[in-house]
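# Residue-level structural notes
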Amino acid sequence: MGRRIPGAAGSAAAADLSALMFLPIGVALVLRHPPAAAAVGCAVAAGVLSSAVPYLADLFSLRRVPAQAFGPLMSVNPVLAAVVGWIGLGQNQGWTEWVSIGAIVAANTLSMLARRG
């Protein structure tokens, strides 16, 4: 889809195709167990905030950021996820999680620096 349809329209078309393929399953589930309005609202919000917004942000930044800097920029995502989990959900990360996140950021940064040299 991305090669045939330019810009954000390609990702939108891919999402539409995916939704169309899962529509029969969704209809069957909704007919068997109708969800509450609040559950539908939460599901829509989660889908948009966890999928569509980050994907579009990545897509647009990839077009504006040099290729060498894109990897390190994306390695910040685990840091942001850990901070949001800590602040928003009260999740505490252990030292192994922080070391793992640091290793990801360091590897991407070293990769970027090696390409420059």
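Residues numbered from 1 in each chain as written. Predicted model: local features only at pLDDT ≥ 70, side-chain atom pairs only at ≥ 80, totals over all residues. Heavy atoms only, no water.

## Comments concerning the overall build of the protein chain
This is how the line gets drawn: In this description a helix means any DSSP run of H or I spanning at least four residues, a strand means any run of E spanning at least two, and both kinds are numbered starting from the N terminus. The quantity called the radius of gyration is restricted to C-alpha atoms. Its globule counterpart is 2.2 Å times the number of residues to the power 0.38. Note on classification: 1.4 Å probe, protein chains only; a residue is buried when its accessible area is under 20% of the maximum for its type, exposed when over 50%, partly exposed between these limits. Only heavy atoms matter for contacts: two residues are in contact if any of them lie within 4.5 Å across the pair.
Scanning the protein chain from terminus to terminus reveals 5 helices and 0 strands. Tracing the protein chain from N to C terminus, the helices and strands come up as α-α-α-α-α. Its C-alpha radius of gyration of 19 Å places the protein chain more than 25% over the 13 Å reference for a compact globule of 117 residues. Counting only C-alpha atoms, the protein chain reaches 60 × 40 × 20 Å along its principal axes. Looking at the protein chain as a whole, 10% of its 117 residues are labelled buried. Counted over contacts in the protein chain with a minimum sequence separation of 6, partners at least 24 positions apart contribute 50%.

## Looking at helix α4 (residues 76–89)
The criterion, for reference: Multiplying 1.5 Å by the helix residue count minus one yields the expected span of that helix.
With 14 residues, α4 should cover 20 Å at 1.5 Å per step; its first-to-last C-alpha distance of 19 Å lies within 8% of that length. Of the residues trailing α4, G90 is marked for its positive phi of about 70°.

## Topic: the packing of helix α3 (residues 67–74) against α4
How two helices sit against one another is set out by the angle between their axes and by the gap between those axes. Cut-off, in case you're wondering: Axes, fitted as lines to C-alpha atoms, cover a helix only where it is in contact. Angles between the N-to-C directions of the axes lie from 0 to 180 degrees. Working rule for angles: under 35 degrees goes down as roughly parallel, over 145 as roughly antiparallel, 65 to 115 as roughly perpendicular, anything else as oblique. Each residue gets one of three labels, nonpolar for Ala, Val, Leu, Ile, Met, Phe, Trp, Tyr, Cys and Pro, charged for Asp, Glu, Lys and Arg, and polar for the others, Gly among them.
Here α3 crosses α4 at 25°, and the two axes come no closer than 4 Å. By the angle class used here, α3 and α4 are roughly parallel. Here P72, L73 and M74 of α3 come into contact with α4, specifically with V76, N77 and P78. Considering only residue class, the contact of α3 with α4 consists of 5 nonpolar, 1 polar and no charged.

## Let's talk about helix α2 (residues 37–64)
An α-helix turns once every 3.6 residues. As a result, residues three or four positions apart point the same way. Rule in force here: To get the bend at any residue, fit one axis to the seven residues that end at it and another to the seven that begin at it, then take the angle between the two axes.
The end-to-end C-alpha separation of α2 is 39 Å, in line with the 40 Å expected for 28 residues at 1.5 Å each. For α2, the principal kink sits at V48 and spans about 35°.

## A few points about a nonpolar patch on the surface
Applicable threshold: Patch criteria: residues need more than 30% relative accessible area and no salt bridge. Like-charged residues are merged within 9 Å; nonpolar side chains of Val, Leu, Ile, Met, Phe, Trp and Tyr are merged within 5 Å. Accessible areas in this description were obtained via Shrake-Rupley with a 1.4 Å probe; residue shielding takes into account the shown protein chains only. Think of a salt bridge as a Lys or Arg side-chain nitrogen and an Asp or Glu carboxyl oxygen that are within 4 Å of each other.
Side chains of L17, L20, M21, F22, L23, I25, V27, L29 and L31 sit close together on the surface and give an oily, nonpolar patch of about 960 Å² of accessible area. Its location among the elements puts L23 in helix α1 (residues 8–32).

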